[in-house]
Amino acid sequence: MGCCLNCGSFRPSLGCLCHSCEGALKFWAEDLETQPLRGLQIRSLYRWVPGRSDILSRLILWLKGSRQKEAWHYYAKEMSRNYCETLPRNFKIYVVPAPSKKGQTDHAMLWAQGLSQALGAELLPCLRKTGQYAQRGADRGTRALIEMELIENNTDTVDFESQILWIFADDIVTTGATARSAHIALGRPANFQIWALAQRSLSCGASKDLL
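Note that the structure is a prediction, hence the values are computed from the model and not measured. (Residues numbered from 1 in each chain as written. Predicted model: local features only at pLDDT ≥ 70, side-chain atom pairs only at ≥ 80, totals over all residues. Heavy atoms only, no water.)

**With respect to the pairing of strand E2 (residues 40–48)**
Operational definition: Accessible area is worked out with a 1.4 Å probe on protein chains only. A residue is then buried under 20% of its type maximum, exposed over 50%, and partly exposed in between. Per the convention used, a helix needs a DSSP run of H or I reaching at least four residues, while a strand needs a run of E reaching at least two, with both numbered from the N terminus. We call two strands paired when DSSP finds no fewer than two bridges between them.
Among the nine residues of E2, seven are classified as buried, and the element is accordingly described as predominantly covered. Two elements, E2 and strand E8 (residues 192–200), share seven bridges in a ladder whose sense is parallel. Bridging from a neighbouring strand, Arg43 pairs with Trp195 of E8.

**Examining the packing of aromatic side chains**
To keep things clear, this is the line we draw: Here a pair means two rings of Phe, Tyr or Trp (six-membered ring of Trp) with centres within 6.5 Å. Their orientation is stacked below 30 degrees between planes, edge-to-face above 60, and tilted elsewhere.
For the structure shown, the criterion picks out seven aromatic pairs. On the numbers, 5.1 Å between centres and 85 degrees between planes, the contact of Tyr74 with Tyr75 is edge-to-face. Each member of the pair, Tyr74 as well as Tyr75, is classed as buried. For the pair Phe168 and Phe192, a centre-to-centre distance of 6.4 Å together with 20 degrees between the ring planes defines the contact as stacked. With Phe168 in strand E7 (residues 164–173) and Phe192 in strand E8, the pair connects residues that are 24 residues apart, well separated along the chain.

**Observations concerning the pattern of salt bridges**
Put simply, the rule is: Just to be clear on terms, a salt bridge is a Lys or Arg side-chain nitrogen sitting within 4 Å of an Asp or Glu carboxyl oxygen.
This structure, assessed with the given rule, holds five salt bridges. Residue Arg81 is joined to Glu78 by a salt bridge in which the shortest nitrogen-to-oxygen separation is 2.3 Å. One end of the pair, Arg81, and the other, Glu78, are both in helix H3 (residues 69–83), three residues apart, so they sit about a helical turn from each other. A residue is classified by how much of its surface remains accessible, and Glu78, at 26% relative accessible area, is partly exposed.

Structure (structure tokens):
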């Protein structure tokens, strides 16, 4: 089954970590309270503080790309177990993945697929980016310029009834610019949550209400 990506020992789980390292990772587990993000709700499995959470940093780096489907689905099941009891009853759930640059199956899509399966929800890849702004290494001002739109072929399938919970699935949330753009593109639905593997702390130390 391979070795633990952190310590190199035998790992019995699909999460790429041994039991000992998984136990250490729980120190960075996010609490079950929904975190506000400029009026939006964000839920994450972990708090990521680069430079302080080495195990989590190694895990996130390893998960990047499109070949870690089993691991992404493993953590999606963990996420759903944490939060499924807090979901509104009798709501239809749409899971919308953060769009990739070229519409390819990337880590955000694998995360969204895992969440939709774990929650019994409908996967709806209905968004695409319209700007030319790269996120990696960008400052907050550049990230705020990210824009999205509905894909024409998916417009007719989008249901805007009030008994819908929209879950925007992204692997990492830092400033929330991508999620806010998605919320706008979807018509600002009232029941909208962001589900991420981890919420990354800003290096400048800005508080959450400034994100």
